[in-house]
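Survey of secondary and tertiary structure
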Amino acid sequence: MSFVSEHYGNVFRALALNTMSPGSQYQEEQTVATTGAATDSDQAAPESEPTTRDSTNKKLAQRAFDLSTLVLAGSSATNRLQQSPQYSPSAESGKADDAVNQEAFGGVRPSASGVRVAVTIPSLSSIISDLHLVRSSLADNVGATALGQERAAELILMSAIAGIHAYTVEQLLDSALPLSIDMDYWNAQDDGALSLAIYFIQSLPQRLVSWGVRTADALLNYAASAGTAKESALDHIRAVMTSRLLFPELCTDKVSKRHIRMPRIPESANILSLTRREIRHKQQQLADGQERLAEMLGSLSQVAVVGRSSRATPEALLQQVSDIISALGHSDMATRNTVQPPLSIGQMAQSAEQIAILVQGISTRFNEGIRMYCRPSLLARCWMPALVCVVGARSLALYVAGHRKDIEGWTIDAVAVASNYVSQYILAPLRSAYETIRYGTHTYSVMTEDSLRSDLRSLEDMVVGFTERFGSSDPALVRQRVESGDLSDVMRVYAREVQQPFRNAVFGDLVQAMLIQVQKVKVDVGQTMAALDKLLKSNELNFLLLSTVPATLSVYVAARWLFTRVTWWLGGSSRYTATSIQSTMRDIDRLLNIDEGECPADDNDCNRLLASTQGRLICLTHYLRHHAAALPNSASAGWLGTSGGWLRTLPLTRSLFFQDIRDLESAQLTGFQKRHVIERMYRTFRFL
């Protein structure tokens, strides 16, 4: 539910409960006004046709029945509260008033269950039709208006007035978002000397045109004056044709709303100083406009606040809207549409119809008042980037046309390198890992078992043949000792032969014993390689997968960076969602903190926010709603892209966030309670 629809429901219920309750002051005034109007009308108005009267009464009754649901939604809670022993109808009991309105005007503060009454605000054309229906029914039933018909007309009138009031809020809110965007633009331009220079160059064509027009106008006016000497004319031309005319808003001394007259601009001021002065002048004017907008929104939103229910009367609401329209440019509204109670239902419907026609132009009139301080037009902001893009595109096209062969070669080489990189360092190891798992093939193999077995058999034969020459024992026993690595039979002969190495090398068995030992070393090396081969085979899958990690990680990082850049570029304004929400939440927290610090702890009048503070808060929450529309709202947990990566969000994140926004917008809650709402939001949403 939007703030405007909720405001309509709250005001409508407040009007219905405050003005249509039996015995209320409004009912007594309305009885007097209606009696007087009926007496005057009985003498002048003719009777209407019975068929037309019945048709109008049926439409009136049907429309009143459709609107009665909103009243019943709040009146049942009020009746329950009034029957409770804690209820006190005295005007001095502020807590009792708070409890009544918090229950009666359900929708301002959500209950623990989160159930709300859906409210749909009627269109302005429907509101005008309802007012015309009320006036027609009163005209057709002059002097014979039944009590039920009068109550139906009052209910429809209350709905129309609440709708006019809500549409006034909507029109003002329509100006709040562009105003915030303009403020952000000027804050960005005042960031540094480079931003100031870029802004001055962007606005230079418009400045030159304005400078030329003003200079020509001044020279023509001076030439038209009588008795102009040549020297004085030249002096006047030099005085007129100055760079100060490039900043027409700074050429006149103006008094601010704080009654501070700014000093004159010195002649020696440079261009960047004048540009900064102009930007800050625009910022100040927009801030003043934002302050006026906040005051109007705050006063409108606090109409149905508990403890101020005396303000929720039809005349007060119409007069409030009339004052806003007259303050925005209609100087005759105060005299033409001054609403002074008591008024009859017909008079009130006529005044409401006149105001409803003018309500739809509130946003336009407010924007006209601050148009000269808004950011430049789209053409003024984009002509320089467009010119740079055109020149850059032309230069790039010429370079591509002159180096087409080179670019084709670079492209082919880059594709070949990327393809080989992926194929050799990612796909090939993965294919080998699959073959290892599926077929049991081995990629890493140092030595085969057949080769080792052949070397061992050769060693055994050599030792058996060597020992038989010296009358050794059983050959099977010798083979068994060789297989276990024992060469004692050979080493005994070798030890004897090595005592006379030269003689035995030629005529003895020294060379054969040494060759047997060489074969033994080969067998030992083979056994070591076999053990290493067994270790490689047992960890072959790990090695294959580990070899793909660097290449896969590099490809993943490059793809992730490219995906992030493309997503950021295609995301449009949604890429700034988390950052904008965080910045707005900080402004809200700061606003409530300042307002709380200005109120003494023992001051009961400071429980509610001031109208200007409440209005600024509504402007910030409206800006917050605009950015929160991009939050995920799926029934399951979702993802939100931020500058630091993707964050996991709660189910129905957008609905929960809007519920907290409604709590911040509620005029029923105090600043201390709204600080608790902000703390809950920080605990709930990770992207804040």
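Residues numbered from 1 in each chain as written. Predicted model: local features only at pLDDT ≥ 70, side-chain atom pairs only at ≥ 80, totals over all residues. Heavy atoms only, no water.

This brings us to the overall build of the protein. Scanning the protein from terminus to terminus reveals 26 helices and two strands. In the protein, which comprises 688 residues, the share counted as buried stands at 37%. Counting contacts in the protein only where the partners sit at least 6 residues apart, residues at least 24 apart contribute 76% of the total. A total accessible area of about 38,300 Å² is found for the protein, and carbon and sulfur atoms account for 58% of it. (Helix = DSSP H or I, 4+ residues; strand = E, 2+ residues; numbered from the N terminus. Buried < 20%, exposed > 50% of the residue type's maximum accessible area, 1.4 Å probe, protein only. Contact = heavy atoms within 4.5 Å. Areas by Shrake-Rupley, 256 points an atom, 1.4 Å probe, with all protein chains shown as cover.)

Moving on, we come to the nonpolar core. Counting 69 residues, the largest nonpolar core has Y8, L131, L157, I161, I164, L293 and V359 as the members making the most contacts within it. Take this core: its biggest share by element is 20 residues, from helix α6 (residues 147-189). Leaving out residues up to four positions away in the same chain, I164 has contacts with I127, L131, V321, A352, I355, A356 and V359. Counting residues in hydrophobic clusters, the runner-up holds 22 residues, among them I581, L624, F657 and F687. (Core = buried A, V, L, I, M, F, W, Y, C linked by side-chain atoms within 4.5 Å.)

In this section: the pattern of salt bridges. All chains considered together, the criterion is met by 19 salt bridges. Note that R207 and E278 form a salt bridge whose closest N and O atoms lie 2.8 Å from each other. Of this pair, R207 sits in helix α8 (residues 204-224) while E278 sits in helix α10 (residues 271-301), and the two are 71 residues apart along the sequence. For R207, a relative accessible area of 6% gives the class buried. (Salt bridge = Lys/Arg side-chain N within 4 Å of Asp/Glu carboxyl O.)

Moving on, we come to the state of the cysteines. For the coordinates displayed, the defined rule picks out zero disulfides. Left without a disulfide partner, C382 is nearest to the cysteine sulfur of C389, which lies 9.7 Å away. (Disulfide = S-S within 2.5 Å.)

As for its position among the elements, N270 is in the loop between α9 (230-240) and α10. With relative accessibility at 43%, the residue N270 sits in the partly exposed group. Only 2.6 Å separates the side chain of N270 from the side chain of S273, close enough to count as a polar contact. (Polar contact = N/O pair within 3.5 Å; in protein donor to acceptor, adjacent residues only side chain to side chain.)

The next point concerns the side chain of H7. Residue placement: H7 occurs in helix α1 (residues 3-19). Relative accessible area serves as the criterion here: at 5%, H7 is assigned to the buried category. Setting aside residues no more than four positions away along its own chain, H7 makes contact with H165, A166, V169, L300 and S301.

Next up on the list: unusual backbone geometry. In this structure, L652 takes a positive phi of about 55° despite not being glycine. Looking at the element boundaries, L652 is found in the loop between β2 (645-649) and α25 (653-665).

The next thing to look at is the side chain of K674. Structurally, the position occupied by K674 is in helix α26 (residues 671-684). Under the relative-accessibility criterion, K674 is labelled buried at 0%. One polar contact links K674 to Q614, side chain to side chain, over a distance of 3.0 Å. When near neighbours in sequence (up to four residues on either side) are disregarded, K674 contacts L592, L609, Q614, L617, D663, L664, E665, S666 and L669.

Another point: the packing of aromatic side chains. How two aromatic rings sit relative to each other is set out by the distance from centre to centre and by the angle between their planes. Counted according to the given criterion, the structure contains seven aromatic pairs. Seen from their ring centres, F657 and F685 are 5.2 Å apart, and the 70° between their planes marks the pair as edge-to-face. Placement of F657 in helix α25 and of F685 in the segment after α26 is noted, with a sequence separation of 28 residues between them. Comparing F657 with F685 shows no difference in burial state: the two are buried. Ring plane angle 45° and centroid distance 6.0 Å describe the contact between F657 and F687, whose orientation is recorded as tilted. You can see F657 sitting in helix α25 and its partner F687 sitting in the segment after α26, a full 30 residues away along the chain. By the burial criterion, F657 is buried, and F687 matches it. Here the aromatic residues Y185, W186 and Y199 are joined through ring pairs into a cluster of three or more. Over the aromatic face of F658 sits the side chain of R625, whose NZ or CZ is 5.6 Å from the ring centroid. (Phe/Tyr/Trp six-rings, centres within 6.5 Å; stacked < 30°, edge-to-face > 60°. Lys NZ or Arg CZ within 6 Å of the ring centre and 35° of its normal.)

Between its first and last C-alpha atoms α26 spans 20 Å; for 14 residues at 1.5 Å apiece the expected length is 20 Å, and the two agree. If you check which residues of α26 are buried, you get G671, K674, V677, I678 and M681. Down the axis of α26, the buried side of the element spans an arc of 105°, and every buried residue falls inside it. The exposed residues of α26 that point more than 90 degrees off its buried face are F672 and R683. (Expected span 1.5 Å × (residues − 1). Arc of directions from axis to C-beta.)

All right, on to the packing of helix α7 (residues 193-202) against helix α15 (residues 378-402) then. Remark: α7 packs on α15, axes separated minimally by 9 Å, with the N-to-C direction vectors making an angle of 105°. Classified by the angle between their axes, α7 and α15 sit roughly perpendicular to one another. Here I198, I201 and Q202 of α7 come into contact with α15, specifically with A380, R381, W383, M384 and P385. (Axes fitted to C-alpha atoms, helices over the stretch in contact; angles between N-to-C directions. Parallel < 35°, antiparallel > 145°, perpendicular 65-115°, else oblique.)

Packing of helix α17 (residues 449-468) against helix α21 (residues 510-538) leaves a shortest axis separation of 9 Å and a crossing angle of 155°. Taken together, the axes of α17 and α21 are roughly antiparallel relative to one another. Regarding α17 and α21, the two cross each other, and that crossing is left-handed. From α17, L452, D455, L456, S458, L459, M462, V463 and F466 reach across to α21, where they touch Q512, A513, L515, I516, Q519, K520, K522, V523, G526, Q527 and A530. Class assignment for the residues of the contact of α17 with α21 results in 11 nonpolar, five polar and three charged. (Left-handed = near helix turned anticlockwise from the far one by under 90°. Nonpolar A, V, L, I, M, F, W, Y, C, P; charged D, E, K, R; others polar.)

With respect to the secondary-structure elements, T168 resides in helix α6. Taking C-alpha positions, T168 is 8.9 Å from L297, a pair spaced 129 residues apart along the chain. Contact partners of T168, with chain neighbours within four places excluded, come to L300, V321, I324, V359 and I362.

So, on to the confidence of the model for the protein. Overall, the predicted model of the protein reaches an average pLDDT of 77, with 72% of residues at or above 70. Here residues 76-115 scores under 50 on pLDDT; set against residues more than four positions off or in separate chains, the count is 57 contacts. (pLDDT = per-residue confidence, 0-100.)

Moving on: helix α11 (residues 314-327). In this model α11 runs 20 Å from its N-terminal to its C-terminal C-alpha over 14 residues, within 8% of the 20 Å that 1.5 Å per residue would give. Counting buried residues along α11, 11 of its 14 residues qualify, which places the element largely inside the surrounding structure. Following α11 by one or two positions, G329 adopts a phi angle in the positive range, close to 140°.

On to the environment of A495. With respect to the helices, strands and loops of the structure, A495 is situated in helix α19 (residues 488-497). Between the alpha carbons of A495 and A513 there is a distance of 9.6 Å; along the sequence they are 18 residues apart.

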